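# Coordinate analysis (summary)
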Amino acid sequence: MHQLIKTQAAMNDIIQISSISQVHEALGLPAPRHPLVSLIQIDKTITEYDYGDFTYVYGFYQVALKSGIAGDIMYGRNHYDFAQGSMIFTKPGQAQSYANTSELEGETGWTLLFHPDLIRRSDLGRNIETYSFFSYETHEALHVSEHEKKVLTDLVNQIEIEYSGNIDKHTQKLIVSNIELILDYCTRFYDRQFYLRSNHNLDMVSKLDKLIKDYFDSEKTLERGLPSVKYFSEAMNMSSSYLSDMLKNATGRNAQQYIQDYLIERAKNQLLGTKEPISQIAYGLGFEYPQHFSKLFKSKVGMSPLEYRKIN
């Protein structure tokens, strides 16, 4: 595997790791007991591995509890220092690189790897995209308490027990059920984290309000069209998924709904406060076609822009 990495690296700094077996081989671990799922304990073998100056793209999901490890992981444009003990989630196709890893005194951690083929025919496979934290940036990691660590570690240990024993017709279903339970617990723990950070989140909502207002006041709509969730999430140094989930927790609306509601309120003010043609209002708000504005307005208000103007 080391030779494979060096060969690939000579051609490209991006290393594709498609199977869990490749990970075991690279780390000098025994072959995985199950080809589609593995629990790797993080110890000196892992932290002292020379990842090099390469970017790795994995073909499977990873759920990792990093605790008592110095160093950082990077994907996208962001670094995350995981010394304090946190969880990160990555999905197939995400690029990662590593730096300065070393073990500290005390706790370590674990990484659960599972391939999409493991869950493909299950309800989890059909619903995996609903776990939006797989699309969060690394600095949006989940910080878990000691009790929460124990809950999650007990579940991953149960997965290891399942694939380490005699595999039968129930094994895969039980493994997938435990993975789903882990993700459901992590959803709960993220909700707790959003709640505890409610004051910070409200500050973020205020910041978003200003960004949205500035977008319309500076007439960016004429240059860029309708404002997007991606535009504002990048301006706030957040992933689109995290911004939506933070807003949902703070306001009951996701990012798209929040932006649309602001747009509709602005449209109402213009409909009643000016005599501009509806088509002109639509173009000024960033719509390419006035009928798209009218359709959105009616879906939100229950009447067309013209009807709203007439009765008010």
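Computed from a predicted structure; not experimentally measured.

Criteria and thresholds
- Residues numbered from 1 in each chain as written.
- Predicted model: local features only at pLDDT ≥ 70, side-chain atom pairs only at ≥ 80, totals over all residues.
- Heavy atoms only, no water.
- Helix = DSSP H or I, 4+ residues; strand = E, 2+ residues; numbered from the N terminus.
- Buried < 20%, exposed > 50% of the residue type's maximum accessible area, 1.4 Å probe, protein only.
- Contact = heavy atoms within 4.5 Å.
- Areas by Shrake-Rupley, 256 points an atom, 1.4 Å probe, with all protein chains shown as cover.
- Pairing = 2+ DSSP bridges.
- Salt bridge = Lys/Arg side-chain N within 4 Å of Asp/Glu carboxyl O.
- Expected span 1.5 Å × (residues − 1).
- Arc of directions from axis to C-beta.
- Phe/Tyr/Trp six-rings, centres within 6.5 Å; stacked < 30°, edge-to-face > 60°.
- Axes fitted to C-alpha atoms, helices over the stretch in contact; angles between N-to-C directions.
- Parallel < 35°, antiparallel > 145°, perpendicular 65-115°, else oblique.
- Left-handed = near helix turned anticlockwise from the far one by under 90°.
- Nonpolar A, V, L, I, M, F, W, Y, C, P; charged D, E, K, R; others polar.

## Here we look at the overall build of the protein chain
What the protein chain contains, in helices and strands, is 15 helices and 9 strands. Looking at the 312 residues of the protein chain, the share that counts as buried comes to 45%. Across the protein chain, contacts joining residues at least 24 apart in sequence account for 71% of those joining residues at least 6 apart. Accessible surface computed for the protein chain: about 16,300 Å², of which carbon and sulfur atoms make up 50%.

## Considerations on the pairing of strand E2 (residues 37–42)
Counting buried positions along E2 gives 5 out of 6 residues, so the element sits mostly inside the fold. In terms of strand pairing, E2 meets strand E9 (residues 109–114) through 6 bridges, oriented antiparallel. Looking across to E9, one finds that Val-37 is bridged to Phe-114.

## A look at the pattern of salt bridges
One pass over the full model with this rule turns up 12 salt bridges. The salt bridge involving Arg-192 is made with Glu-148; its shortest N-O contact spans 2.7 Å. Taken together, the residues Arg-192 in helix H7 (residues 171–196) and Glu-148 in helix H6 (residues 146–164) connect sequence positions 44 residues apart. The partly exposed category is assigned to Arg-192, whose relative accessible area is 26%. The residue Arg-266 makes a salt bridge to Asp-217 at a minimum N-O spacing of 2.9 Å.

## Quick word on helix H8 (residues 198–217)
With 20 residues, H8 should reach 28 Å at 1.5 Å per residue; the first-to-last C-alpha distance of 28 Å fits that figure. Three or more residues of H8 are buried, namely Asn-201, Met-204, Val-205, Leu-208, Ile-212, Tyr-215 and Phe-216. Down the axis of H8, the buried side of the element spans an arc of 110°, and every buried residue falls inside it. Residues of H8 that are exposed and angled more than 90 degrees away from the buried face: Asn-199, Asp-203 and Lys-210. Tucked inside the fold, the buried residues of H8 contact H7, helix H9 (220–224), helix H10 (229–235), helix H11 (240–251) and helix H12 (255–273). Positive backbone phi, approximately 60°, marks Glu-219, located one or two places after H8.

## Quick notes on the packing of aromatic side chains
Within this structure, the stated rule accounts for 23 aromatic pairs. Residues Phe-216 and Tyr-262 carry aromatic rings whose centres are separated by 5.7 Å and whose planes lie at 25° to one another, so their mutual orientation is stacked. One end of the pair, Phe-216, is in helix H8; the other, Tyr-262, is in helix H12, and 46 residues separate them in sequence. According to the relative accessible area criterion, Tyr-262 is partly exposed, its value standing at 22%. Each member of the aromatic cluster is reached from another via a ring pair, and the members are Tyr-61, Phe-89, Phe-114, Tyr-131, Phe-133, Phe-134, Tyr-136, Tyr-190, Phe-194 and Tyr-242.

## Here's the deal with the packing of H6 against H7
Two elements in contact, H6 and H7, have axes whose closest approach is 9 Å; the angle formed by their N-to-C orientations is 170°. By the criterion of interaxial angle, the relationship of H6 to H7 is roughly antiparallel. In terms of crossing hand, the pair formed by H6 and H7 is left-handed. Contact residues: Glu-148, Val-151, Leu-152, Leu-155, Val-156, Gln-158, Ile-159, Glu-162 and Tyr-163 in H6; Thr-171, Leu-174, Ile-175, Asn-178, Ile-179, Leu-181, Ile-182, Tyr-185, Cys-186, Phe-189 and Arg-192 in H7. Its residues assigned to classes, the contact of H6 with H7 comprises 14 nonpolar, 3 polar and 3 charged.

## Some remarks on the sheet that holds strand E7 (residues 86–90)
Taken in spatial order, the 4 strands make up an open sheet running E2-E9-E4-E7, and their pairing is antiparallel. Pairing within the sheet leaves two strands with one partner each, and these edge strands are E2 and E7. Pairs of neighbouring strands in the sheet enclose a mean axial angle of 10°, with direction left out of account. Bridging between strand E4 (residues 61–66) and E9 involves 6 bridges; their strand directions are antiparallel. If you follow Val-63 over to E9, its bridge partner there is Leu-112. Packed onto the sheet, H6 meets E2, E4, E7 and E9 and runs at close to 130° relative to E2.

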